[in-house]
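Commentary on secondary and tertiary structure
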Amino acid sequence: MKKILIAGTFLLVYILSSFIISHPLKKEGDEKGLKDYFAKYFTIGVAVSPRALQTDEAGLIVKEFNSITPENAMKMGPIHPRENEYYWKDADSIAAFARRNHIRIRGHNLCWHSQAPRWIFTNATGDTVSKEILLQRLKDHITTVVNRYKGTIYAWDVVNEAISDKPDEYLRNSPWLRICGEEYIAKAFQYAHEADPDALLFYNDYNEINPVKREKIYRLVKSLKDAGVPIHGIGLQGHWAINEPSEEELNKTFKQFSSLGLTIQVTELDISVYAKEHNARERMAEEQNTVFTPEKEAAQVEMYKRCFAVFKKYRKNISSVTFWNISDRSSWLDNFPVRGRKDYPLLFDKNLQRKKAYWEVVK
Ligand code: HAH
């Protein structure tokens, strides 16, 4: 009798403990991250700083994302501050984090008019350099940076934002264009391809939903492709807002870029809770209310739903969707276009909790 009682107690303890182990006190859906919900569709990425990787945001990144992009660390200014000096620390730490956690990296970016180091366009006496010198500097820069992360970075934004925002102007009037002419764009792709023939090379730009700008981006990418330039994809930034794009604009955009026969990546997605503005300005007195109201949230949920429905529709053409920053704790939109105006553009709130929009897009 005693033996049976002891055996029974052991059996009971065994059954209870295995039940507890197999049913941890977790809410349903907790195990999966964005990357798992979209595994059949596209890679899900996020723009990061080296600092974020040392906070509680690191855990969130590993759980939710399978791609990262250095928000600033690989831009020409930060990584190549003086002619014979590279600053690798930040970029290297991001690359190490990605390798450690088996996350892919999209490199951003190799040639851009903004955040470029001042030395690159001028000589020792402050005069503008010749086209030959500038192209040689561009080649040295691209070769060195691409080589360093060969095998770690699978895709690069080679040229960023070369198209003009002015309706009647094709290419942006940047020092790159003024000194080199249009050729710098094709050259940048050639240099990157020579440095890493396995890397996927992208042209990346914003306000791609605007019919006039979209047509110019299309024209540029098509001309590069037709000329045999090694370009493999088109990066659509996707800095959108609660009031745009319309479903029609989205459909037209993905339809037109799909027709190029290159892969498409949404490279910098965020949905501002303020109406879209394209130019920087100061905050006005009446803009004190920066609360994330239920109305703002509802409008943002609808826009996120709309965007992901179209992304899914074009899943054959879209290989990746990257968010520009991790959570509403901080994002570049807290300072752009309006300095000091708090925005809430992402899928995770200030406490890193999943927002309503998160659950709507993974549905
Ligand atoms: C992007 N420009 C850049 O590609 C990225 O490197 C930077 O960190 C943030 C945004 C977007 C942009 C815009 O939407 C409007 C005006 C200027 C730049």
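Note: the structure precedes this text.
Below is a short write-up of the structure. What you are looking at is a predicted structure, and each value in this text was computed from that prediction instead of being measured.

Here we come to the overall build of the protein. When helices and strands are counted, the protein shows 12 helices and nine strands. Structurally, the protein occupies a C-alpha span of about 100 × 45 × 40 Å along its principal axes. Contacts in the protein between residues far apart in sequence, at least 24 positions, make up 76% of those at least 6 positions apart. On the protein, roughly 17,600 Å² of surface is accessible, and the fraction owed to carbon and sulfur atoms is 54%. Of note, the protein has its 53 positive side-chain charges centred 5 Å away from the centre of its 47 negative side-chain charges.

This paragraph deals with the environment of Leu135. Turning to its location among the elements, Leu135 is positioned in helix H6 (residues 131-148). Taking C-alpha positions, Leu135 is 41 Å from Leu347, a pair spaced 212 residues apart along the chain.

Moving on, we get to the packing of H6 against helix H8 (residues 183-195). Relative to each other, H6 and H8 sit at 35 degrees, their axes nearing to 9 Å. Handedness of the crossing formed by H6 with H8: right-handed. Contacts from Lys131, Leu135, Leu138, Lys139, Ile142, Thr143, Val146 and Asn147 of H6 reach H8 at Glu183, Tyr184, Lys187, Ala188, Tyr191, Ala192, Glu194 and Ala195.

With that out of the way, let us pick up the environment of Ile318. Within the element layout of this structure, Ile318 appears in strand S9 (residues 318-323). Linking Ile318 and Gln265, residues 53 residues apart in sequence, is a C-alpha distance of 5.5 Å. Residues in contact with Ile318, not counting those within four places in the same chain, are Tyr41, Phe42, Phe254, Ile264 and Phe311.

Another aspect to go through is the pairing of strand S4 (residues 153-160). Summarising burial for S4: eight of the eight residues are buried, a large majority. Both strand S3 (residues 104-111) and S4 contribute to a ladder of five bridges, which runs parallel. Pairing of Ile105 across the sheet is with Ile153, part of S4. Remark: the S3/H6/S4 crossover connection has right-handed handedness. With five bridges connecting them, S4 and strand S5 (residues 200-205) associate as parallel partners. Pairing of Trp156 across the sheet is with Leu201, part of S5.

About the thresholds
The written sequence of each chain sets the order in which its residues are numbered from 1. With pLDDT at 70 or above as the cut-off, local features in this predicted model cover only qualifying residues; side-chain atom pairs require 80 or more to be listed or tallied, and sums for whole chains, interfaces and linings still use all residues. Hydrogens and water are ignored here; the side-chain numbers use all heavy atoms of the structure. Secondary structure elements follow DSSP: runs of H or I of four or more residues count as helices, runs of E of two or more count as strands, with numbering from the N terminus. Throughout, a contact is declared for two residues whenever any of their heavy atoms are within 4.5 Å. Note that accessible areas follow from Shrake-Rupley with a 1.4 Å probe, and for residues the cover is restricted to the protein chains shown. Residues scored as positive are Lys and Arg, those scored as negative are Asp and Glu, and His as well as the terminal groups of each chain are ignored. Each charge is placed at NZ for Lys, CZ for Arg, CG for Asp and CD for Glu. Angles shown run from 0 to 180 degrees and are taken between the N-to-C directions of axes, each axis being a line fitted to C-alpha atoms and, for helices, limited to the stretch in contact. Left-handed describes a crossing in which the near helix is turned anticlockwise from the far one by less than a right angle; the clockwise case is right-handed. Buried, partly exposed and exposed residues are distinguished by accessible area as a fraction of the type maximum, computed with a 1.4 Å probe on protein chains only: under 20%, between the cut-offs, and over 50%, respectively. We call two strands paired when DSSP finds no fewer than two bridges between them. Handedness is read with the strands pointing away from the viewer; a crossover is right-handed when the path from the first strand over the helix to the second is clockwise.

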